[in-house]
Amino acid sequence: MMTTTILEPLRWTASPARVAVCTNGNGTGAYYQVIAPRNAERLCVGRPVEEVPRILTILSPAHHLVSALTLDRLFNVEPPPPAVHMREALVRTQFFKHHIRILYLLLSSSENPFRETGRVRRPGRTELLPLHVLEEIKHHEALAQEAETILGGRADHPVSAIAGGVGRFLKEPHYDRLSEIAGRCLEFSVSTAKLLNETLFGNSKQANRLFDFTLPSIPSMASSSDGGTVVLRGPDGKEIERFAPADLFDKVGLEREPWTYQPFAYVKSKGWRSVFAGAPESFFSVGPLARINAGEALPTPLAEEERQRTAADLGAGPYTTLGAAYRALTIELIGAAEGMTDLCRREQLTGPSIRVIPTEMGRTATAALEAPEGLIAHWYEVDDRGIVQNIQVLDGAAGNNALRCLLVRQAVETTGAVGMNVKDVKRRIEEILLPF
Amino acid sequence: MPKRTLAVYTATGCPACENGILDTHYQVSSLTPWVDVVFWPHLLGGEWEDLEGVDRIDLCIFAGALAGEADREAAARLREKSEVMIACGACAAFGGLPGLINLRPESTGKAAETGDLEGCPPLPAVTRPVAGLPGACTVDYVIPGCPPPQNLLWAAIQATLCGGEAPARISFAASRLPDSLASAIAAGVLPNKGSVFGGEKGVCASCSRRKEEKKFTSFHRPYELNPDSGRCLLEQGLICQGIATREGCGGACTAVGAGCRGCFGKAENVFDAGAKMVSAISSTFDATDSRTAEGLAGQFLDPAGTFYRYTLPEQCVLMSAGTKE
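Residues numbered from 1 in each chain as written. Chains lettered and ligands numbered in written order. Predicted model: local features only at pLDDT ≥ 70, side-chain atom pairs only at ≥ 80, totals over all residues.

Describe in detail the sheet that holds strand S5 (residues 82-88) of chain B, supporting the description with residues and values.
All names here are of chain B. Here we have five strands laid out as an open sheet, ordered S2-S1-S3-S5-S7, and parallel in their pairing. The outermost strands of the open sheet, each flanked by one partner alone, are strand S2 (35-39) and strand S7 (141-143). With direction set aside, neighbouring strand axes in the sheet form an average angle of 25°. With three bridges connecting them, S5 and S7 associate as parallel partners. When the bridges of S7 are listed, Ile86 appears paired with Tyr141. Packed on one face of the sheet, helix H6 (residues 150-161) meets strand S1 (4-10), S2, strand S3 (57-63), S5 and S7 and runs near 155° to S7. (Pairing = 2+ DSSP bridges. Helix = DSSP H or I, 4+ residues; strand = E, 2+ residues; numbered from the N terminus. Axes fitted to C-alpha atoms, helices over the stretch in contact; angles between N-to-C directions. Contact = placed C-beta atoms within 7 Å.)

Please provide a residue-by-residue account of the packing of helix H6 (residues 172-198) of chain A against helix H11 (residues 322-343) of chain A, values included.
Residues and elements named next belong to chain A. Running from N to C, H6 and H11 point in directions that differ by 165°, and their axes come no closer than 8 Å. Judged on the interaxial angle alone, H11 and H6 are roughly antiparallel. Taken as a pair, H6 and H11 cross one another with a handedness that is left-handed. Along the contact surface, H6 presents Ala182, Gly183, Cys185, Leu186, Ser189, Val190, Thr192, Ala193 and Leu196, while H11 presents Thr330, Leu333, Ile334, Ala337, Glu338, Met340 and Thr341. Among the residues making up the contact of H6 with H11, the classes are represented as ten nonpolar, five polar and one charged. (Parallel < 35°, antiparallel > 145°, perpendicular 65-115°, else oblique. Left-handed = near helix turned anticlockwise from the far one by under 90°. Nonpolar A, V, L, I, M, F, W, Y, C, P; charged D, E, K, R; others polar.)

A description of the confidence of the model for chain A should follow, citing residues and the corresponding values.
Low-pLDDT stretches of the model should not have their predicted coordinates read in fine detail. Across chain A, the average pLDDT comes to 90, with 94% of residues at 70 or higher. Here helix H7 (residues 204-211) of chain A is the element of chain A with the lowest mean pLDDT, 81, and helix H3 (residues 62-75) of chain A is the one with the highest, 98. (pLDDT = per-residue confidence, 0-100.)

If you had to explain the interface of chain A and chain B to someone new, which residues and values would you point to?
Each partner contributes to the interface: chain A provides 63 residues, whereas chain B provides 61 residues. At the level of elements, strand S2 (17-24), strand S3 (27-34), helix H1 (40-44), helix H2 (52-55), helix H5 (132-152) and helix H15 (422-433) of chain A are the ones that each hand at least two residues to the side of chain A that touches chain B. Ranked by residues supplied to the side of chain A that touches chain B, first place goes to H5(A) with six residues. A class-by-class count of the residues in the side of chain A that touches chain B yields 29 nonpolar, 14 polar and 20 charged.

Quick look at the structure:
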């Protein structure tokens, strides 16, 4: 007879999710379950293809941009440089906001951020960070959100990118404001990384908690630094395969299991097998750690400096611990702010044109993009009127679904072994899933 | 004034509404003197069992559409405990983007079509049609938008929790709120039940683009032309639902050249947004005979998926899933 313990609702997940721990005569198995389907692809079928960038923001803000890239391919147009820079600046800003939010959630994870600070303190508790740091993080997140609104029209669900470019020129006050925001975000990202290195990553109790957890050994997938190819690497960091983004859905498939609504991305050449069938080479992970584990020098100096500092502390990659996943976020946080600083300059965002009007339309198109949450990709098939007939979407949730399932199972096994109570097990699982 | 209790929950949708609450320009933590956050699983963790120890929730902000049993169960549990329930965002208010699945009811969204569940935990069932919160329980107030603008979120939170005592008043939001709502907030009393934290008129009322009463001779798809800046998009042949949609966003989409898609739901005096749009477009056609009008109408694709992009379950008269506002 099977008994099931349900841990729900999980914190910080994009879709409602839970962990089911099933015990029967054969032992115990934990399942990470997304319990409500979003069916984002199915929402798009039957819609005019130009509407997809607005619909798929339901997955994450970066899907607006990868969708616009897919439309560029479909209509065979190359956006003019100011539009490319505006889109790229928006992606960098999304990186900053996404990563700083995850760090905020981590830092506030053991406390209620709405507690009356200064009035109610837990007896005997010492704060890991000065209390004002969380407020400063929220402030800079708000600044990034303002930059997103300027560049994307709206923050969480941007609307500005269209086939062939962007929908409008920026206005005069925007240039100075964007530049100011980028500068403040850069300054803050560097000081935050320093603070985290000294307190969180350098604090032995906290660091042990993060660096003692070893991640499952599965391949990773990320774009090359120039974005021209997608690279699949083994857990040892060695390149397994390199291919063009346009071929992504020839290489990567999406399959479902009966116990979760979230599809799994897998490597087609390895064949589809259940995530618990003992074939981790069929799956891969995406995201900040996958990108840092590519081992390539970063294009921006301060982020590269932080990457080198990480290498000095943790050794040469690839990194396989939970702590390294959080350090990857701080490296990319700095890189994102440097990118914002470089792109949010008047000369980058101005020019005679911001869009190219398409004159032809293909029937299928694919594009991929490194989003804050990891590699994402879209494939569209349209009819002769440009109505979507078929669509495939790789999002961060599908890309990391296998990893998250393996992480949950591993977390339950390790915490169960030390007799942790159910609430603490749940909190530990949430902390482990957060950077993925 | 005793502290009020707050719960925040998102069903099927995305985290944008909750992020919006969290991001109310970092003022959300200043709610602490007035509010005890008793349940906010996305941010604070906690479990459903925690609710059993809560006698009463003064305000529940519920985001996301109801697409499955888990969503409906969450709505029922929170409604039972909550004095005031706000449908936050287009998904909770009208069904939102997830509600588009109702146009393709054969799409069950089932996990695996032929899965063997032996030894695996079952999933909560999917329910069709997808509904907004009004499809399952009584809703006291609505904050529309996808996601709702932060000034309106902040206005709603202050109106329902702070009893007129909050330090930062909502003058920045009140200009877009109906008089009755703004007056109630200023007086520190709860607004009338059923109030919508948005404007009453259409988006056109606050859109910066000028209307010239010009008629158009053909529809254009957004990728086909570079619209004149400053001119009404609809009058340039681009579909824009500002005329049928409740204002409150300040014309955020039209400001960047993107037509309104109705995420605030229908305006106060509109019976059905799709019917209103058909009427508005018809009157903007430059057609003097039925054949020309028919030709123009034939150019327009996917009217249901466009006019009810965010509102199909709750505001499409022909396909309404449940309780009305």
